[in-house]
Amino acid sequence: MNIWLFRCFCVAGDGNPRESSPFINSGAATSADKSLQYDGKNMALFEEEMDTSPMVSSLLSSLANYTNLPTGSKEHEEAENNEEGIETMNNNLGTLMGVYLPCIQNIFGVILFLRMTWMVGVGGVFGSFIIVFMCCSTTMLTAISMSAIATNGVVPAGGSYYMISRSLGPEFGGAVGICFYLGTTFAGAMYILGCIEILLIYIIPQAAIFKIEGLEGPEAELALLNNMRVYGTIVLSFMSLVVFVGVKYVNKLALLFLACVILSIVAVYAGVIKTAMDPPVFPVCLLGNRTLLSKGYDVCAKVVETDNETVTTQLWRTFCDSDSLDATCDEYFTSNNVTEIQGIPGVTSGILAENLFGNYLEKGMFLEKRRVASEESADSPPTGANRYVMADITSFFTLLVGIYFPSVTGIMAGSNRSGDLRDAQKSIPIGTIAAITTTSIVYMSTVVLFGACIEGVVLRDKFGEGVNGNLVIGTLAWPSPWVIVFGSFFSTCGAGLQSLTGAPRLLQAIARDGIIPFLRVFGHGKDNGEPTWALLLTGCICEIGIIIASLDAVAPILSMFFLMCYMFVNLACALQTLLRTPNWRPRFKFYHWALSFLGMSLCLSLMFICSWFYAIIAMGIATCIYKYIEFCGAEKEWGDGIRGISLSAARFALMRLEEGPPHTKNWRPQILVLVSVDAEQNVEQPRLLSLANQLKAGKGLTIVGTSVQGTFLDNYAEAQKADQSLRKLMETEKVKGFPQVVISSNLRDGTSHLIQVGGLGGLKHNTVMVSWPRNWKQPECHQQFRNFIEVVRETTIASLALLVPKNISSYPSNGERFTEGHIDVWWIVHDGGMLMLLPFLLRQHKVWRKCKMRIFTVAQMDDNSIQMKKDLITFLYHLRIDAAVEVVEMVSDSADGSEFYKDEFTMATSRPTPTRRRWSWSNDLPPALTRTSPFSLFRRRAAFVSQSVAVSDPKQVRLIHGRTASSTPASPTSPASPTDGAERGQTGANPEAGKDLFNMKPSPVDVRRMHTAMRLNEVITKKSKEAKLVLLNMPGPPKNRVGNENYMEFLEVLTEGLNRVLLVRGGGREVITIYS
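Residues numbered from 1 in each chain as written. Predicted model: local features only at pLDDT ≥ 70, side-chain atom pairs only at ≥ 80, totals over all residues. Heavy atoms only, no water.

## Focus: the overall build of the chain
For the chain, the count of helices and strands is 38 helices and 15 strands. Out of the 1076 residues belonging to the chain, those deemed buried represent 53%. Pairs at least 24 apart in sequence give 79% of the contacts found in the chain among residues at least 6 apart. Accessible surface, the chain as shown: approximately 49,600 Å² in total, 59% of it carbon and sulfur. (Helix = DSSP H or I, 4+ residues; strand = E, 2+ residues; numbered from the N terminus. Buried < 20%, exposed > 50% of the residue type's maximum accessible area, 1.4 Å probe, protein only. Contact = heavy atoms within 4.5 Å. Areas by Shrake-Rupley, 256 points an atom, 1.4 Å probe, with all protein chains shown as cover.)

## Let's talk about the sheet that holds strand S1 (residues 283-287)
The three strands lie next to each other as S2-S1-S5, forming an open sheet whose pairing is antiparallel. Since the sheet does not close on itself, it has two edges, and those belong to strand S2 (290-291) and strand S5 (338-342), each with one partner. Two elements, S1 and S2, share two bridges in a ladder whose sense is antiparallel. Bridged to Leu287 within S2 is Arg290. (Pairing = 2+ DSSP bridges.)

## Some remarks on helix H30 (residues 865-878)
The end-to-end C-alpha distance of H30 is 20 Å, a good match for the 20 Å that 14 residues give at a rise of 1.5 Å each. The inward-facing, buried residues of H30 contact helix H29 (834-842), strand S12 (852-859) and strand S13 (884-889). Residue Asn864 occupies the N-cap position of H30, its side-chain oxygen lying 3.2 Å from the main-chain nitrogen of Ile866. Positioned one or two residues after H30, Arg880 has a phi angle of 60°, which is positive. (Expected span 1.5 Å × (residues − 1). Polar contact = N/O pair within 3.5 Å; in protein donor to acceptor, adjacent residues only side chain to side chain.)

## Some words on the confidence of the model for the chain
Residues of the chain with pLDDT of at least 70 account for 77%, and the chain-wide mean is 77. Mean pLDDT across the elements of the chain bottoms out in helix H34 (residues 954-960) (32) and peaks in helix H22 (residues 593-610) (94). Below a pLDDT of 50 lies the segment residues 62-77, which in the model reaches 34 contacts outside its immediate sequence neighbourhood of four places, other chains included. Of the regions scoring below 50 in pLDDT, residues 79-89 engages in 14 contacts with residues more than four places distant in sequence or in other chains. (pLDDT = per-residue confidence, 0-100.)

## Some details on the nonpolar core
Of all hydrophobic cores here, the largest spans 162 residues; its most connected members are Met190, Tyr404, Met412, Tyr443, Phe450 and Phe568. Tallying contributions element by element places helix H9 (residues 170-203) first for this core, with 22 residues. In terms of nonpolar packing, the next biggest core, distinct from the first, is built from 48 residues, Ala692, Ala801, Leu1062 and Val1071 among them. (Core = buried A, V, L, I, M, F, W, Y, C linked by side-chain atoms within 4.5 Å.)

## Describing the environment of Val825
Note that Val825 resides in strand S11 (residues 822-826). Not counting the four nearest positions on each side in its chain, Val825 is found in contact with Leu835, Pro839, Met853, Arg854, Ile855, Phe856 and Leu1031.

## Re the packing of aromatic side chains
A complete count under the given rule lists 26 aromatic pairs for this structure. Between Phe172 and Phe568, the ring centres sit 5.4 Å apart and the planes meet at 45°, which makes this aromatic pair tilted. Of the two residues, Phe172 sits in helix H9 while Phe568 sits in helix H21 (residues 551-579), which places them 396 residues apart along the sequence. A residue is classified by how much of its surface remains accessible, and Phe568, at 13% relative accessible area, is buried. Taking 5.9 Å as the distance between ring centres and 70° as the angle between the ring planes, the aromatic pair formed by Phe588 and Phe590 counts as edge-to-face. What makes Phe588 buried here is its relative accessible area of 10%. Members of the aromatic cluster, joined through ring pairs, are Trp316, Phe319, Tyr332, Phe333, Phe366 and Tyr388. Sitting over the ring of Tyr388, Arg290 keeps its end group 5.2 Å from the ring centre. We note Lys302 situated over the ring of Phe333; from NZ or CZ to the ring centre the distance is 4.5 Å. (Phe/Tyr/Trp six-rings, centres within 6.5 Å; stacked < 30°, edge-to-face > 60°. Lys NZ or Arg CZ within 6 Å of the ring centre and 35° of its normal.)

## Some thoughts on the pairing of S13
Note: S12 against S13, six bridges, orientation parallel. Within the sheet, the bridge partner assigned to Arg854 lies in S13 and is Ala884.

## Some points on unusual backbone geometry
Note the cis peptide between Trp478 and Pro479, where omega equals 15°. For Asn468, which is not glycine, the phi torsion reads 60° and is therefore positive. The topology assignment puts Asn468 in the loop between helix H17 (456-459) and helix H18 (472-476). Using a relative accessible area of 58% as the deciding quantity, one classes Asn468 as exposed. Here Arg880, not a glycine, exhibits a phi torsion of approximately 60°, which is positive. Structurally, the position occupied by Arg880 is in the loop between H30 and S13. Arg880 sits in the exposed class, given a relative accessible area of 52%.

## Regarding the state of the cysteines
In total, this model carries two disulfides according to the counting rule given. There is a disulfide in this structure between Cys320 and Cys329, and the S-S distance comes to 1.7 Å. Given an S-S torsion of about 105°, the disulfide between Cys320 and Cys329 has right-handed geometry. Numbered by position along the chain, the disulfide-linked cysteines of the chain connect as 1-2, 3-4. Cysteine Cys136 shares no disulfide, and the gap to the nearest cysteine sulfur, in Cys135, comes to 6.8 Å. Judged by its relative accessible area of 4%, Cys136 is buried. (Disulfide = S-S within 2.5 Å.)

## A few points about the environment of Asp298
Topologically, Asp298 is positioned in the loop between S2 and strand S3 (303-306). Considering only alpha carbons, one finds Asp298 and Gln314, 16 residues apart in sequence, at a separation of 6.1 Å. Here Asp298 is in contact with Thr313 and Gln314, once residues within four sequence places are set aside.

## Quick notes on the sheet that holds strand S15 (residues 1061-1065)
Reading across from one edge, S8-S7-S6-S9-S10-S15-S14-S11-S12-S13 is the order of the ten strands in this open sheet, with mixed pairing throughout. Strands at the two margins of the open sheet, each flanked by one partner only, are strand S8 (738-744) and S13. Looking at each pair of strands side by side, their axes are set apart by 20° on average, direction ignored. Both strand S7 (residues 702-709) and S8 contribute to a ladder of seven bridges, which runs parallel. Note on S8: the bridge partner recorded for Ile703 is Phe738. Against the sheet, helix H37 (residues 1004-1024) makes contact with S11, S12, S13 and strand S14 (1029-1033), and its axis sits at roughly 160° relative to S11, the strand it touches most. (Axes fitted to C-alpha atoms, helices over the stretch in contact; angles between N-to-C directions.)

## What to know about the side chain of Ser488
With respect to the helices and strands, Ser488 occurs in helix H19 (residues 481-513). Reaching out from Ser488, the side chain makes a polar contact with the backbone oxygen of Ile484 at a distance of 2.7 Å.

## Section: H37
Here H37 spans 30 Å end to end across 21 residues, near enough to the 30 Å set by a 1.5 Å rise per residue. For H37, the tally of buried residues reaches 15 of 21 residues, placing the bulk of the element in the interior.

## A look at the side chain of Thr151
One can find Thr151 in the loop between helix H7 (116-150) and helix H8 (160-168). Of note is the side chain of Thr151, whose polar atom sits 3.2 Å from the backbone nitrogen of Phe588. Residues in contact with Thr151, not counting those within four places in the same chain, are Gln425, Pro429, Arg585, Pro586, Arg587 and Phe588.

## Looking at the packing of H9 against helix H10 (residues 218-245)
Angle between the axes and distance between the axes are the two parameters that describe a pair of packed helices. Packing of H9 against H10 brings their axes to within 9 Å, and their N-to-C directions diverge by 120°. Our classification of the angle between H9 and H10 gives oblique. Helix-helix and strand crossings are classified by hand; for H9 and H10 the assignment is right-handed. Residue-level contacts link Ile192, Leu193, Ile196, Glu197, Leu200 and Ile201 of H9 to Leu224, Asn227, Met228, Tyr231, Gly232, Val235, Leu236 and Met239 of H10. Across the contact of H9 with H10, the residue classes break down as eleven nonpolar, two polar and one charged. (Parallel < 35°, antiparallel > 145°, perpendicular 65-115°, else oblique. Left-handed = near helix turned anticlockwise from the far one by under 90°. Nonpolar A, V, L, I, M, F, W, Y, C, P; charged D, E, K, R; others polar.)

## Regarding a nonpolar patch on the surface
On the surface, a cluster of nonpolar side chains totalling about 690 Å² of accessible area is made up of Phe126, Phe129, Ile130, Phe133, Leu352, Leu356, Phe357 and Val448. Of all the elements, H7 adds the most residues to the nonpolar patch, at four residues. For Leu356, the location among the structural elements is in the loop between S5 and helix H14 (397-404). (Patch = residues over 30% accessible without salt bridge, like charges linked within 9 Å, V, L, I, M, F, W, Y side chains within 5 Å. Salt bridge = Lys/Arg side-chain N within 4 Å of Asp/Glu carboxyl O.)

Following this line, the structure appears as structure tokens:
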């Protein structure tokens, strides 16, 4: 009852509808509507938050009903079935059908049937076992890492690309995703080439368009490659058409292809068992120790006895010039006997010892049986290549690794189907590891069994030319070699179709992520999501592999791309484990970062073992894609591990910076740029950011700060808008740094807060940049210059350097260029070297690069100006700064000349120029200003003020004289000019006015400072009026706030007549050094 009353109280009110929610309900709903909506759900306490925070029941329902909608092959099949009115079931695959069998089908492939026996014969059982063990260990370690990543959340379509991109960021994900796509595409080409090789060599040799009969050497090789190219292109076009018509047909045939693979492997093991009891009859004919082509003889003998008559055989006619027994024959044929050996002696024959070690061959070498004697003359001419079985390529260990590794790929098949699994986080680890274990046992056992059952010369016979053109592994199979031939043919066809189905969808997933702009067109397809354009590109790339036409040449290429992909899967798991991110909670617990690093090291090692040339190319492609995404790709925040590394590295670096202040050699301007924003939260001085960018040759920190007036609760939206405005302007001006917006009750306090709390830890600003207040003389702008002077005071107390650009709107933008001109530095007092460092940094930027640097300093009466110039040139030489030097001599006529910078730098030591500056006055003063402040009256030629000063201080009387003062000391009786008389008449008409002006007269100290500013301005204007930029020491503010207005007058007079002035105050420490 109480809850209901409270709920009624909550919904009662003025009757006005609340704002509509952008999250759940798009239309406006009244309080009463919401009361009815949540009536009976016991949610009255939280109904105000329902728009942004849904009920737990709704959240759990949405998570439980999650469906994997990215473009996977399963989804396209369902889309096609839905068009035909066929109902399909989602997420119903278990470990066996969803992970284990697909991995088995993808791992077993063309290499097992076409190259495994050859690899054992060339590399030996021992060497081949090492290769298989290394590759299988690599995939097992990768599977462990992949299982950890895959069970750390839902993995949509894209498989390895999704895992890597979400773990290592879009740059790594895009680069490795493209490499994985290229590997899958070239795998399709390899399977098609294997399919054509089986078709043209073992099934229908007569179908060859380019006839090989009668050709030998390079001609026969070229004819074979051309046949592969023609038929490969035809098969590729047909398979692409099948995939385009409908992926459901590929999925329906997948079970048939899998059955062919399993049946072929079972036939091999059955054949091995049979050899132990009854070895098959596969005779091999040897001449000496050389293996003869089976098509070159009908009987393995030189002559035969027929009806007590010796008759020559086809073999005799192959090596001799006639059928007669006295014909001229090949010398090697004459010197050696013909013997017939059993090609498959059986598992109990002991042939394993002979096949234990490798027998690597050069291209064109004869296949010779070990431990068989032969007689060969060194002077005998070479025999015909079409008589013996010869090596078609030069073989070596690393080549075997590159050719074999594709036979262990395919471990991602289960993770790619995660959306179709009933329990993906359970099925993926179990199914994948079980599949790798099964295939590894099969591969290792076949290496041993092949070496134990088959004769070495038969193993090294890649195309079965010595055993009547039979597939070598087929000679071992039971009940017939055709089981292996047709089984391997259909399995390679199925693997090719699977590759052409998966690769376009992987490319489509990358394109739809939007991280690679030029690939976005491949994210489109048919209405059901079929990746038409991606399929077209995949077919074109696959055709490149077809044109290569050699399975042995294509295999190492795709090995590189798969190895790179697996390497980054291991890296992703290792980083996530070491960083211990809160979201890293995989259900698969049997992983460790050391295993992942071992797997990564194996992948990298295998890349360079296979082919250092291909490895460098693959890494170059990945690097180019990485940099392209970094500079041109879309900004993505996926909570990746690289971001975690950055956070950890930043924390470590910040803690190191806290250990002490930076050395002078490491000092660089870390700039806090204070800007103001208008009512629309747009920056009023954008050129401040241009100048900050031009000063960033030091590569220091940049913080752009502004203050919003108000309270945090009421003005948070304005602060966010100002933050976005700062970010946009920083991006436009290419300023690398961070924006910072504070909300304060007044702008003065907000600016003070920025100066105090800007930065983090040891990475704090050491320099403040603030613009000169515009129109500060106007009454409505008085608060601006007061705030400005407070900033000067605060930076002084905080020992921060201060940069005040005047006339900031006239400063160049980042797109402008100065082709000539000067940057003039007026070194009045030593400020730690800021005046030397800043122009050097500016000249590193393209805007100021062609400007020359000039340094001016001032000599007093008792200074040796010539020696000063020499010392300054030497000082600049040691600083490695190129600049012209000029010493300006200013004569003093008063022992008590004013010292403009005395209050600021009387305690400074170790500086190349004296601290005390004594200035004399000429009779020429700047034009009078129109302000009515004491110094405006002083700067007007007001004789009344001169005559009102007590004559007891003749020095001060002389200093206050205006432009009309004579060269002799002034006195009350001195004649006045007509102008003076006129002004005196104006003021003398009202004695009270004269009294007010007398009360407003400046103090003697301020008079001396104004005189100094005016005199120094004359010198600067004379020397640097045409300079592109003038850098000048900025005097400190008065300690008494009553003199704020006078201080602004000093600075105004000091910089009058100059276009671009940068007033500089040092931070109280040395920022430049002559030491290395």
